[in-house]
Amino acid sequence: GKGINATYNDLENQLLSLIKLHPEVKSTKRLNVHFARMGEPTWNPDVINYSRNLLKSVRPYIGRSFVHPVVSTMLPRKNKNLSKFLADWMEIKNEVFRGEAGLQFSINSTSNEEREAMFQGSSLTLEEISEIGKNLDFPKGRKITLNFAIAGYEIDAKRLKELFDPRKFLVKLTPMHKTYTALENGIETDGEYTSMYPYLHHEEELKAEGFDVIVFIASEYEDLGRITCGNA
C-alpha cells in the first residue's frame, strides 16, 4: 500500500526505547542512528525535524556522547521535495553535527538500465542524481557516500568520476547480504564475500580515478543473526 510515515514521536520513541533497555549504560563512544532500511527516509519530513533535536533528545540518557545520524536514500524519482530534503540534511550535517553526520546514495550500478531494473523504475537516473549532487553544499567531515552492493552489477570508475566529483563523494563497497529476497532472485556477491576477493579490483579502479573507497567486509554471523541492512 501507500505506507504511513513514522511520526516525530515514533522516531524519538524508537530510539529512546532502545537506549532505555540498558539504563546502566550512561555513555557510548559512538551512537549510530540510521534513517534507512525499512522505508525511504526522504519521504518523511520528520526525519529532518527530529534530527535537529536529536542531540537534545538523547542527552539525558547518554550525556554528550558522540552521535552520528545517517540518511541512506535510493533517490526516489517521484519525490518532488527530494532536493530540498537533501539540502536540509546537508545543513544538519554541516552545522548541527559539525560534519559528524552521513549521507549515503544507494547507487549499486553505473548502468542506468541495471538500476532501472533493480529499483523497478522508482529511482532517478545517474545523470539526475549527479545534478542534485552538484547543487548540494560541500560536506564537512565525511564526504557524501556512493554505495555499491557488489552483485555482478556494472561499476565503471571512469563514468562515475564524470558524474561525481571525488573531492565531494567517496565510494563504499558492500556485500549483497544473503536475504531471502536476494537469494530468490539470484542476486548475491560473487565468491566468499567475507574476504577481500569480490571487492579488490573495483577498489583499485576507483582509487585510480581519485575516489576514497571504504570496503565493508561482511561477517556471516550478520546474515545468520538476521541483523543485516536488508533484514531477514
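Our structure is the block above this text.
Rules used in this analysis
Residues numbered from 1 in each chain as written. Predicted model: local features only at pLDDT ≥ 70, side-chain atom pairs only at ≥ 80, totals over all residues. Heavy atoms only, no water. Helix = DSSP H or I, 4+ residues; strand = E, 2+ residues; numbered from the N terminus. Buried < 20%, exposed > 50% of the residue type's maximum accessible area, 1.4 Å probe, protein only. Contact = heavy atoms within 4.5 Å. Areas by Shrake-Rupley, 256 points an atom, 1.4 Å probe, with all protein chains shown as cover. Arc of directions from axis to C-beta. Pairing = 2+ DSSP bridges. Right-handed = clockwise from strand over helix to strand, strands pointing away. Axes fitted to C-alpha atoms, helices over the stretch in contact; angles between N-to-C directions.

Enquirer: Give me the lowdown on the overall build of the chain, citing residues and values where you can.
Expert: On a plain count of helices and strands, the chain comes out with 10 helices and 6 strands. The buried share among the 232 residues of the chain stands at 46%. When contacts within the chain are restricted to residue pairs at least 6 apart in sequence, those whose partners lie at least 24 apart make up 76%. Of the roughly 12800 Å² that the chain leaves accessible, carbon and sulfur atoms contribute 51%.

Enquirer: Give a description of helix 3 (residues 54-62) that names residues and reports values.
Expert: Three- or four-residue spacings in an α-helix give side chains the same orientation, since the helix completes a turn every 3.6 residues. When we look at burial in helix 3, the residues that qualify are Leu54, Ser57, Val58 and Ile62. Projected onto a plane normal to the axis of helix 3, the buried residues spread over an arc of 105 degrees and lie on a single side. Facing away from the buried side of helix 3 by over 90 degrees, the exposed positions are Lys56 and Pro60. Those residues of helix 3 that are buried are in contact with helix 1 (8-20), strand 1 (31-35), helix 2 (45-52) and strand 2 (67-73).

Enquirer: Any chance you could break down the pairing of strand 2 for me, citing the residues and the numbers?
Expert: Burial of strand 2 is extensive: 7 of the 7 residues sit out of reach of the surface. Relative to strand 2, strand 1 runs parallel, the two sharing 5 bridges. In the strand pairing of strand 2, His34 is matched with Val70. Where strand 2 meets strand 3 (residues 102-106), 4 bridges bridge the pair, whose relative direction is parallel. Residue pairing for strand 3: Thr73 is matched across the bridge by Phe105. Once the chain exits strand 2 it traverses helix 4 (residues 82-96) before rejoining the sheet at strand 3, and the crossover so formed is right-handed.

Enquirer: Explain the pairing of strand 5 (residues 169-175) residue by residue, including any values.
Expert: Where burial is concerned, most of strand 5 is hidden: 6 out of the 7 residues are buried. Both strand 4 (residues 144-150) and strand 5 contribute to a ladder of 7 bridges, which runs parallel. Paired with Asn147 across the two strands is Lys172, which belongs to strand 5. Taking the sense of rotation as the criterion, the β-α-β connection linking strand 4, helix 7 (residues 157-163) and strand 5 turns out right-handed. In terms of strand pairing, strand 5 meets strand 6 (residues 213-215) through 3 bridges, oriented parallel. Across the sheet, the residue bridging to Leu173 is Val215, located in strand 6.

Enquirer: Go over the sheet that holds strand 3, please, and point to the residues and values.
Expert: Ordered in space as 1-2-3-4-5-6, the 6 strands form an open sheet in which the pairing is parallel. Both edges of this open sheet fall to strand 1 and strand 6, since each of them pairs with a single strand only. Ignoring strand direction, the axes of neighbouring strands in this sheet form an average angle of 25 degrees.

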